[in-house]
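# Examining the three-dimensional arrangement
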Amino acid sequence: MDEKISKLKKIVSTSDKIVAFTGAGFSAESGISTFRGAGSLWSKYDSSIYADINYFIQEPSYYWNFFKDERYPVIKKAKPNDGHYALVELEKRGKLYRVITQNIDGLHQVAGQSDVIELHGNTRKILCTSCDKFYSMDEAYGRLKKELPPRCSCGAILKPSTVLFGEPLPQVALDMAALAAKNCDMFFVIGSSLVVYPAASMPRIAKKNEAVLVIVNIDPTPMDDMADIVIHESASKVLSELV
Ligand code: APR
């Protein structure tokens, strides 16, 4: 691990357009469950029922119960971890070009990161499915305690601005992420299983444009073979040592 960290330090010292690409493993140390791997959310909940747009349209109460029991309480009390602050430090040193995240917890922004591309939306923003009025996560939770599913003052059902399975990703975020992957000199994957597309196409775009690809992830990923450095370690440990 040590020689990999020193190789990583060397690459970071010679890069000045680093893109960090984070997944659920990055927030795991903030107490937020990952989706895959031991004890993960999708090993307990069927994502085709609890996080799929087609099911949500038919029966939104499944998603909202999942939000009430599993997401809101955990995200509400989650704090950024050392990994989040290490990325903010890299930005302060002028090393970080963009942060692309698949996470919906908003912790990069809470930690002070200024430029975050959220590919899968943000669960702190709840919107009306009809009049597009916005509610905070707390306001939606307040409404949820009174009625299931929670409704807007206009009467329509509320939905978090997170991207459910079967939904298109926000096009602007997707285009900005692809451009960042194309222009970076180092693409730094941290805490992602790299199995969900189109997000997982970003490391390939970066590699195709001669960026150095680094993967830090506890479990192996399908893109380990094409990476220049692979470290199967915890995100906060590696990032704290790096910074
Ligand atoms: N440090 C580094 N990696 C970790 C840590 C940690 N502390 N804890 C877990 N991991 C790794 C796991 O080994 C796993 O491979 O993080 C990865 C998390 O993978 P997923 O749970 O699949 O999360 P992610 O890649 O972000 O999923 C992508 O899938 O369900 C959808 O929309 C959801 O954005 C999510 C997308």
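The structure contained in this document is the topic of the report that follows. None of these values were measured; they are calculated from a predicted model. (Residues numbered from 1 in each chain as written. Predicted model: local features only at pLDDT ≥ 70, side-chain atom pairs only at ≥ 80, totals over all residues. Heavy atoms only, no water.)

## Details of the overall build of the protein chain
The following threshold applies: Numbering of helices and strands starts at the N terminus; helices are DSSP runs of H or I of at least 4 residues and strands are runs of E of at least 2. Radius of gyration means the value over C-alpha atoms here, while the globule rule gives 2.2 Å times the residue count to the 0.38 power. Here's how the labels work: a residue is buried when its accessible area is under 20% of the maximum for its type, exposed when over 50%, partly exposed in between, all with a 1.4 Å probe on protein chains only. When checking whether two residues touch, look at their non-hydrogen atoms; a contact exists if any pair is within 4.5 Å. Values of accessible area rely on a 1.4 Å probe in the Shrake-Rupley scheme; residue burial ignores everything except the protein chains shown. Charge assignment: positive for Lys and Arg, negative for Asp and Glu; neither His nor the chain ends contribute. Where a charge sits is defined by one atom per residue type, namely NZ (Lys), CZ (Arg), CG (Asp) or CD (Glu).
What the protein chain contains, in helices and strands, is 11 helices and 9 strands. For 243 residues, the compact-globule estimate of 2.2 N^0.38 gives 18 Å, and the protein chain sits close to it at 18 Å. When its C-alpha atoms are laid out on the principal axes, the protein chain stretches across 55 × 35 × 30 Å. Buried residues in the protein chain amount to 50% of all 243 residues. Across the protein chain, the fraction of contacts at a sequence separation of at least 24, relative to all contacts at a separation of at least 6, is 66%. Total accessible area on the protein chain is roughly 11000 Å²; 52% of this is exposed by carbon and sulfur atoms. Computed over 29 positive and 29 negative side-chain charges, the separation of the two mean positions in the protein chain equals 3 Å.

## So, the environment of Arg124
Heads up, the condition is: Any N or O atom pair separated by 3.5 Å or less is treated as a polar contact, with the protein-specific requirement of one donor-capable and one acceptor-capable atom, and with residues adjacent in sequence counted only for side-chain atom pairs.
Inspection of the secondary structure assignment puts Arg124 in the loop between strand 3 (116-118) and strand 4 (125-128). Excluding its chain neighbours within four sequence positions, the residues that come into contact with Arg124 are Ile75, Ile104, Asp105, Gly106, Leu107, Val110, Tyr135, Ser136 and Met137. For Arg124, the side chain forms a polar contact with the main-chain oxygen of Asp105, separated by 2.6 Å.

## Brief notes about the pattern of salt bridges
Definition in use: Salt-bridge detection follows one rule: a side-chain nitrogen of Lys or Arg within 4 Å of a carboxyl oxygen of Asp or Glu.
By the definition in use, this model includes 8 salt bridges. Asp115 is the partner of Arg98 in a salt bridge, and the nearest nitrogen-oxygen pair spans 3.2 Å. Of this pair, Arg98 sits in strand 2 (residues 96-101) while Asp115 sits in the loop between helix 7 (107-111) and strand 3, and the two are 17 residues apart along the sequence. Put simply, Lys207 and Asp228 hold a salt bridge, and the shortest N to O gap is 2.8 Å. One end of the pair, Lys207, is in helix 10 (residues 202-208); the other, Asp228, is in the loop between strand 8 (212-216) and strand 9 (229-231), and 21 residues separate them in sequence. Given a relative accessible area of 28%, Lys207 falls into the partly exposed group. Overlapping salt bridges bring together Glu233, Lys237 and Glu241 as one network.

## Some remarks on the site of the ligand
Here is the rule: Nearness is defined per residue: one heavy atom within 4 Å of the molecule or strand is enough. Each residue receives one of three labels: charged for Asp, Glu, Lys and Arg, nonpolar for Ala, Val, Leu, Ile, Met, Phe, Trp, Tyr, Cys and Pro, and polar for the others, Gly being one of them. As annotated, the domain borders come from an automatic or database domain assignment.
What surrounds the ligand is a group of 22 residues, the closest being Phe35, Arg36, Ser192, Ser193 and Asp219. At 2.8 Å, a backbone N or O of Ala24 approaches an oxygen atom of the ligand. Contact with the protein chains hides 92% of the accessible area of the ligand, taken as 740 Å² for the molecule alone. Residue composition of the shell around the ligand, by class: 8 nonpolar, 10 polar and 4 charged. Here the shell around the ligand gathers at least three residues from each of two domains, domain 1 (1-32 + 79-120 + 168-243) and domain 2 (33-77 + 122-162).

## Here's the deal with the environment of Arg36
By the element assignment, Arg36 lies in the loop between helix 2 (24-27) and helix 3 (47-50). Of the residues examined, Arg36 reaches a relative accessible area of 36% and is grouped as partly exposed. Spatially, the C-alpha atoms of Arg36 and Val195 are 9.8 Å apart, while their sequence positions differ by 159 residues.

## Concerning the sheet that holds strand 4
The following threshold applies: At least two bridges found by DSSP between two strands is the condition for calling them paired. An axis is simply a line fitted to the C-alpha atoms; with a helix, the fit covers only the stretch in contact. Between two such axes, the angle follows the N-to-C directions and lies from 0 to 180 degrees.
Judged by pairing direction, the sheet is antiparallel, and its 3 strands sit side by side in the order 5-4-6 without closing on themselves. Edge positions in the sheet fall to strand 5 (134-136) and strand 6 (158-160), since each has one partner strand and no second. Between one strand axis and the next, the sheet turns through 35 degrees on average, direction left out of account. Direction of pairing for strand 4 relative to strand 5: antiparallel, over a ladder of 3 bridges. Each bridged residue has a counterpart across the sheet, and for Ile126 the counterpart in strand 5 is Tyr135. Strand contacts of helix 5 (residues 60-77): strand 4 and strand 6, with the helix running at about 55 degrees to strand 6, the strand carrying the most contacts. Packed onto the sheet, helix 8 (residues 137-146) meets strand 4, strand 5 and strand 6 and runs at close to 85 degrees relative to strand 5.

Don't take any of this as a statement about function, it's just geometry.
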